[in-house]
Amino acid sequence: MARGRSIAKRFRKVAKGPVPEGKKRFSQILDAIGADQRRDRVSVSDLMQAMDARAVAALILLFALPNVVPTPPGTSAILGLPLLYLTAQMMLGKMPWLPAFIADRSMTRADYVSFVGRVTPLLARAERLLKPRFLFLTAPNAERVVGGFCLLLAVVLALPIPLGNMLPAFAISLMALGVLERDGIWVVIGALVGGGSLMIVWGVVYALTKAAIFVLMNAF
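Residues numbered from 1 in each chain as written. Predicted model: local features only at pLDDT ≥ 70, side-chain atom pairs only at ≥ 80, totals over all residues. Heavy atoms only, no water.

### Looking at the UniProt feature "transmembrane region" (unreviewed entry) in the chain
Here is step 1: Feature annotation in UniProt places "transmembrane region" (unreviewed entry) on residues 145-164 and 184-208, given in this structure's numbering.
Here is step 2: When the span residues 184-208 is considered, its composition is 100% helix and 0% strand, and the gap between its end C-alpha atoms is 36 Å. (UniProt positions renumbered as here; feature names shortened; annotations may be inferred. Helix = DSSP H or I, 4+ residues; strand = E, 2+ residues; numbered from the N terminus.)

As structure tokens, this is what we get:
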């Protein structure tokens, strides 16, 4: 009970009074889900439902963000699969859909609150810098192009390439935030970071391939 009261207290400002869903920022929606004491667990499908029309970009951001920081080996492969689904759907202009084995994944509300408590302060700071501008870069057709580029980055992210996940994930996160808040500047910055990350990853792959060939040629 005491833990439940502390969770409610942490989110008391979010829970006060109804706020029209369309006017909520992404970080506020995440906090509001954690403040809902009727939930014992929070699933991926719950997040999809809460985000509504913004679900694709929002889920892309959620699955990309954990890869921005160093994670245990194999994490990028696990989180990369949902990103492949979601970025492909953004590219095709489809409503978000995930297979049941991904959509039904859930965590306890307490674990969700702990995770969101680390993420939303950073998101809130970023959101203060975001504003609608260069809207043609977040129009439906442009959004499909962004989705296609994010799909390419998601493929790279899912591959077991040393240090190959952090920069692509950061680029995807920037572009997803830009699409969420209709900020074309952030989309451009994300695309530039993504282009740079592809060149770096290509350099790493090239160097590893040359090293492997050198070892094989000198081993016999």
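### Details of helix 8 (residues 109-129)
Here is step 1: In this model, helix 8 (21 residues) spans 29 Å end to end at C-alpha, consistent with the 30 Å of a helix rising 1.5 Å per residue.
Here is step 2: Along helix 8, the largest kink reaches about 30° and is centred on V119; proline P121 follows within four residues of it. (Expected span 1.5 Å × (residues − 1). Bend = angle between axes of the 7 residues up to and from the residue.)

### Remarks on the side chain of S43
Here is step 1: Within the secondary structure, S43 sits in strand 1 (residues 41-43).
Here is step 2: Only 2.8 Å separates the side chain of S43 from the side chain of S45, close enough to count as a polar contact.
Here is step 3: Apart from residues lying up to four places away in sequence, S43 is in contact with A103, D104, R105 and S106. (Polar contact = N/O pair within 3.5 Å; in protein donor to acceptor, adjacent residues only side chain to side chain. Contact = heavy atoms within 4.5 Å.)

### A look at helix 4 (residues 44-51)
Here is step 1: Counted residue by residue, helix 4 has six buried out of eight residues, so it is predominantly covered.
Here is step 2: Among the residues making up helix 4, those that are buried are V44, D46, L47, M48, A50 and M51.
Here is step 3: The inward-facing, buried residues of helix 4 contact helix 3 (26-35), strand 1, helix 5 (55-64), helix 7 (100-103) and helix 8. (Buried < 20%, exposed > 50% of the residue type's maximum accessible area, 1.4 Å probe, protein only.)

### A few points about the packing of helix 3 against helix 4
Here is step 1: Packing of helix 3 against helix 4 leaves a shortest axis separation of 11 Å and a crossing angle of 130°. Classed by the angle they form, the pair helix 3 and helix 4 counts as oblique. Note that helix 3 runs across helix 4; the crossing there is right-handed. Two secondary-structure elements touch here, helix 3 through F26, I29, L30 and I33 and helix 4 through L47, A50 and M51.
Here is step 2: Class assignment of the residues belonging to the contact of helix 3 with helix 4 gives a composition of seven nonpolar, no polar and no charged. (Axes fitted to C-alpha atoms, helices over the stretch in contact; angles between N-to-C directions. Parallel < 35°, antiparallel > 145°, perpendicular 65-115°, else oblique. Left-handed = near helix turned anticlockwise from the far one by under 90°. Nonpolar A, V, L, I, M, F, W, Y, C, P; charged D, E, K, R; others polar.)

### Section: the environment of P96
Here is step 1: For P96, the location among the structural elements is in the loop between helix 6 (75-92) and helix 7.
Here is step 2: When its relative accessible area of 18% is taken as the criterion, P96 is described as buried.
Here is step 3: Along the primary structure P96 and V56 are separated by 40 residues, whereas in three dimensions their C-alpha atoms are 5.4 Å apart.
Here is step 4: Once residues within four sequence positions are removed from consideration, P96 is found in contact with M48, A55, V56 and Q89.

### Quick look at the packing of aromatic side chains
Here is step 1: Applying the stated criterion to the full structure yields one aromatic pair.
Here is step 2: Where F134 meets F136, the ring centres are 6.3 Å apart and the plane angle is 70°; that geometry is what we call edge-to-face.
Here is step 3: On the accessibility criterion, F134 (45% relative accessible area) is partly exposed.
Here is step 4: F136 gets classed as exposed once you look at its relative accessible area, which sits at 57%. (Phe/Tyr/Trp six-rings, centres within 6.5 Å; stacked < 30°, edge-to-face > 60°.)

### Thoughts on a nonpolar patch on the surface
Here is step 1: Together, L167, F170 and I200 give the surface a local cluster of nonpolar side chains, amounting to about 250 Å² of exposed area.
Here is step 2: Here L167 is to be found in helix 10 (residues 166-180).
Here is step 3: Of the residues examined, L167 reaches a relative accessible area of 36% and is grouped as partly exposed. (Patch = residues over 30% accessible without salt bridge, like charges linked within 9 Å, V, L, I, M, F, W, Y side chains within 5 Å. Areas by Shrake-Rupley, 256 points an atom, 1.4 Å probe, with all protein chains shown as cover. Salt bridge = Lys/Arg side-chain N within 4 Å of Asp/Glu carboxyl O.)

### Quick notes on the pattern of salt bridges
Here is step 1: By the definition in use, this model includes five salt bridges.
Here is step 2: R133 serves as the salt-bridge partner of D183, at 2.9 Å between the closest nitrogen and oxygen. Separated by 50 residues along the polypeptide, D183 in the loop between helix 10 and helix 11 (184-219) and R133 in the loop between helix 8 and helix 9 (140-158) bring together distant segments of the chain.
Here is step 3: Judged by its relative accessible area of 0%, D183 is buried.
Here is step 4: According to the relative accessible area criterion, R133 is partly exposed, its value standing at 25%.
Here is step 5: Note that R182 and E143 form a salt bridge whose closest N and O atoms lie 3.1 Å from each other. Remark: E143 occurs in helix 9 and R182 occurs in the loop between helix 10 and helix 11; sequence separation between them is 39 residues.
Here is step 6: The exposure class assigned to R182 is partly exposed, which follows from its relative accessible area of 35%.
Here is step 7: A single network of salt bridges, built from pairs that share partners, joins D36, R38, R39 and D46.

### With respect to unusual backbone geometry
Here is step 1: Backbone geometry at F134 places phi at a positive 45°, although glycine is not the residue there.
Here is step 2: Within the secondary structure, F134 sits in the loop between helix 8 and helix 9.

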